[in-house]
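Reading the structure
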Amino acid sequence: MAVPVTLSSPNHFLVRHSNSQFPSCHRRYNRNLQALKNSSRSLSFRTVADNVSRIYCSHTESVVSNSKSNSSIKRPPYIPNRIPDSSYVRLFDTTLRDGEQSPGASLTAKEKLDIARQLVKLGVDIIEAGFPAASKEDFEAVKMIAAEVGNAVNEDGYVPVICGLSRCNENDIRTAWEAVKYAKRPRIHTFIATSEIHMEHKLRKTREQVIEIARNMVRFARSLGCDDVEFSPEDAGRSDREFLYQILGEVIKAGATTLNIPDTVGYTMPVEFGNLIADIKANTPGIDNVIISTHCQNDLGLATANTVAGACAGARQLEVTINGIGERAGNASLEEVVMALQCRGEHVLGGLRTGINSRHIFLTSKMVEEYTGLNVQPHKAIVGANAFAHESGIHQDGMLKHKGTYEIISPEDIGYERSNDAGIVLGKLSGRHALKSRLLELGYELDNENLDNVFWRFKAVAEQKKRVTDMDLRALVSDEVLQSTVLWKLLDLQITCGTLGLSTATVKLLDADGKEHVACAVGTGPVDSAYKAVDLIIKEPVTLLDYSMNSVTEGIDAIATTRVVIRGDNSYLSTNASTGEEVQRTFSGIGAGMDIVVASLKAYIGALNKMLGFYGVDVKVTEKITQSA
């Protein structure tokens, strides 16, 4: 017997189906749901949900077919304030802005550009490239992405909107416009707090003053020549409803094209957030002339559930980050939201769909993980190491009989291939062509120089291991290709350690001008002595905040990956968008290898390169690119 929709849990649109009963209910479900959607402007979200809960449908599709790739779905033409296709949902990726605010996740301009290019392959509609007023370096990075990525139109006419964040003041807005105006489709995203606690304690302003500021600043953004302006009432989840309707109505009249509704502190429950979106849709004057957006934080672990609830209630832009990274507990995860809509959108969520090519999800996830140094936990939905692992005997038996028994999506749908399914086994006798073919299957398209570098690292590993796994290859690519600008490079390392005396390290580094530098240091252990030797050469005072190591694969011959986070003692500062405070940036580095001390040293040098390059080489590269654009 079919079970109705329930709103009592985060999975509030979960519908259980019967395979044997109500054979024509699916058609009736779609008709009834469409009728409800057409009348939802006059109903509260709870009323709509209660009506939906009385609709039953049969589960006639196979589990695996739920996850079919949507990469071929036609994307509707881009119009700032409306979407011609009512079932299409825009994906707004803020990995490069909100995601970068995660501690240790500072990205160089080169890394931001690489991620932006990968987001284009993924097919996101809007890329929030950063907060240009935060620092000169952030401004240059956004400008570079706007000039390059924001003008790369593909054969289907797709080009992402490039967005810059700004507070509600003229300097921020003007700076954001100067950065994004080089894009074919530029957008300014401006915000001001609207909850009582924020207005009283942070802004120290009245409701009338906040409305006046919001209205004037949206109007100012439009006056600069920007015809795509997004407005966010910060902490909308805790704001008074009537006040929200009022301020949103005013910014619509001032020219806003998208209204983003943030659950800034992750406070609301899915049913509450769905109600909020539905109520705004029903009560805000002029709402038909704008797109409603969601921005959900994950403080209570409900960001994805709230985002899906918002989409069901009428939001047609969803703000997300890769791997769910962001301030505090992070944001709604792009991969979770996309696959929820792809897996259940047609049959449960009224046909909602995105333009995301999900086969690029896994590689994008790995790139962001490596660049930010923020490891994805093994049990992370969709992209975690255990997402498609089955250890239970019952589960393994079911998987052997039919993969659909325990997998609602196929790993291939996100671009992940199980290594034991691979047709090519790589070892010490494998050549460059075999390596290139396998890397292409894994999603890596390397130029000849990078392929050569990875190949020689691969051969060195293959001499010591009987078989090189896909995880080994990913680690080698990350270590050789996904690195920041190389200002210092490790040439040689010699370690003396043990129980008979102090650990001693001799390190030889190569600088950007090709000059070799050698130093020797004594420490409490091999890693400590090696780091001290590097400090003697580079002479950049830093504090080591975090050090961690993981084995990539099983066995005594496994490749180890090391991550470090450092903070420069010379105060590399940036402005926090929400608080306006000057904060110290932290920088991460990664290293991989079969020798854990070498891997550790590479990670440390990588973090130093990122920190030094953030304020030096990458800015020059940025200026050169934007001038040519």
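That block above? That's the structure.
Numbers given to residues run from 1 along each chain, matching the order in which its sequence is written. Residue-level local features of this predicted model are given only where pLDDT is at least 70; pairs of side-chain atoms are given and counted only at 80 or more, and the full residue set underlies all totals for whole chains, interfaces and linings. Computation of side-chain values: all heavy atoms of the structure, hydrogens and water removed.

1. Some points on the overall build of the protein
Per the secondary structure count, the protein includes 19 helices and 16 strands. Taken over 629 residues, the protein has a buried fraction of 56%. For the protein, restricting intrachain contacts to residue pairs at least 6 apart in sequence, the fraction spanning at least 24 positions comes to 69%. Each accessible area is a Shrake-Rupley result for a 1.4 Å probe, and residues are judged covered by the shown protein chains and nothing else. For the protein, the exposed area adds up to about 26,400 Å²; of that, 51% sits on carbon and sulfur atoms. Helix and strand definitions here come from DSSP, where helices need a minimum of 4 consecutive H or I residues and strands a minimum of 2 consecutive E residues; each element is numbered from the N-terminal end. Classification of residues uses two cut-offs on accessible area relative to the type maximum, computed with a 1.4 Å probe and protein chains only: under 20% is buried, over 50% is exposed, and between them is partly exposed. Note on definitions: a residue-residue contact is assigned when non-hydrogen atoms from the two residues lie within 4.5 Å.

2. Points about helix H15 (residues 448-462)
In a helix, the anticipated span is given by 1.5 Å times the number of residues less one. Between the first and last C-alpha of H15 there are 20 Å, a value that for 15 residues agrees with the 21 Å anticipated at 1.5 Å per step. Looking at the buried residues of H15, the elements they touch are helix H14 (432-441), helix H16 (470-480), strand S16 (586-593) and helix H18 (596-614).

3. A word on the side chain of Arg97
Within the element layout of this structure, Arg97 appears in the loop between strand S1 (90-93) and helix H3 (109-122). Apart from the residues lying within four places of it in its own chain, the contact partners of Arg97 are Glu128, Gly130, Phe131, Leu165 and His295.

4. Focus on helix H9 (residues 270-283)
Under the 1.5 Å per step criterion, the end-to-end length of H9 is 20 Å for 14 residues, consistent within 8% with the ideal 20 Å. Where burial is concerned, most of H9 is hidden: 10 out of the 14 residues are buried. Those residues of H9 that fall on the buried side of the exposure criterion are Pro270, Val271, Phe273, Gly274, Asn275, Leu276, Ile277, Ala278, Asp279 and Ile280.

5. So, the nonpolar core
The biggest cluster of nonpolar side chains holds 96 residues, and the ones touching the most others in it are Phe231, Leu259, Ile261 and Ile280. In terms of residue count, helix H8 (residues 241-254) provides more of this core than any other element does, eight residues in total. Throughout, the edges of the domains are those of an automatic or database domain assignment. When we break this core down by domain, the ones giving at least three residues each are domain 1 (90-372) and domain 2 (393-481). Not counting chain neighbours up to four residues away, the residues in contact with Ile261 comprise Pro233, Ala236, Leu248, Phe273, Leu276, Ile277, Ile280, Ile292, Ser293, Thr294 and His295. Core analysis: the second largest hydrophobic core is formed by 27 residues, Tyr531, Ile538, Met611 and Phe614 among them. Nonpolar core, defined: a set of buried Ala, Val, Leu, Ile, Met, Phe, Trp, Tyr and Cys residues in which side-chain atoms within 4.5 Å join the residues together.

6. Re the sheet that holds strand S6 (residues 258-263)
Paired strands, in this sense, are two strands between which DSSP finds at least two bridges. One closed barrel accounts for eight strands, arranged S1-S2-S3-S4-S5-S6-S7-S8; its pairing is parallel. Adjacent strand axes in the sheet meet at a mean angle of 25° when their direction is disregarded. Here strand S7 (residues 291-296) runs beside strand S8 (residues 317-320); their pairing, made up of three bridges, is parallel. Of the residues in S8, the one forming a bridge with Thr294 is Leu318. Think of each axis as a best-fit line through the C-alpha atoms, taken over the contacting stretch in the case of a helix, with angles from 0 to 180 degrees between the N-to-C directions. Contacting S1 and S8, helix H11 (residues 334-344) runs over the sheet at an angle of about 145° to S8.

7. Some points on the sheet that holds strand S9 (residues 488-496)
Ordered by their spatial adjacency, three strands build an open sheet running S9-S10-S11, and the pairing between neighbours is antiparallel. The sheet is open, and its two borders are formed by S9 and strand S11 (516-523), each paired with just one other strand. Adjacent strand axes in the sheet meet at a mean angle of 20° when their direction is disregarded. Contacting S9, strand S10 (503-511) and S11, helix H17 (residues 526-538) runs over the sheet at an angle of about 140° to S11. The sheet strands contacting H18 are S9 and S10, and the helix crosses S9 at an angle near 145°.

8. Focus: the pairing of S8
On S8, burial covers both faces: Gln317 and Glu319 on one face and Leu318 and Val320 on the other are all buried. Pairing of S1 with S8 involves four bridges; the strand directions are parallel. Bridged to Asp93 within S8 is Val320. Between the parallel pair S7 and S8, the chain is carried across by helix H10 (residues 303-312), and the sense of this crossover is right-handed. When the strands point away from the viewer, a crossover counts as right-handed if the route from the first strand across the helix to the second turns clockwise.

9. Some points on a nonpolar patch on the surface
Taken together, the side chains of Leu544, Tyr547, Met549 and Ile596 define a hydrophobic patch exposed on the protein surface, amounting to about 320 Å² of accessible area. Looking at the nonpolar patch element by element, the count peaks at three residues for strand S12 (residues 542-551). Assignment of secondary structure puts Ile596 in helix H18. When its relative accessible area of 44% is taken as the criterion, Ile596 is described as partly exposed. Patch building starts from residues that exceed 30% relative accessible area and form no salt bridge, then joins like charges within 9 Å and nonpolar side chains (Val, Leu, Ile, Met, Phe, Trp, Tyr) within 5 Å. One side-chain nitrogen of Lys or Arg within 4 Å of one carboxyl oxygen of Asp or Glu is enough to make a salt bridge.

10. Here we look at the pairing of S1
Alternating positions in S1 separate into two faces, Arg90 and Phe92 on one and Leu91 and Asp93 on the other, with burial throughout. Here two bridges tie S1 to strand S2 (residues 126-130), and the two strands are oriented parallel to one another. In the strand pairing of S2, Asp93 is matched with Ile127. Considered for its hand, the β-α-β crossover made up of S1, H3 and S2 is right-handed.

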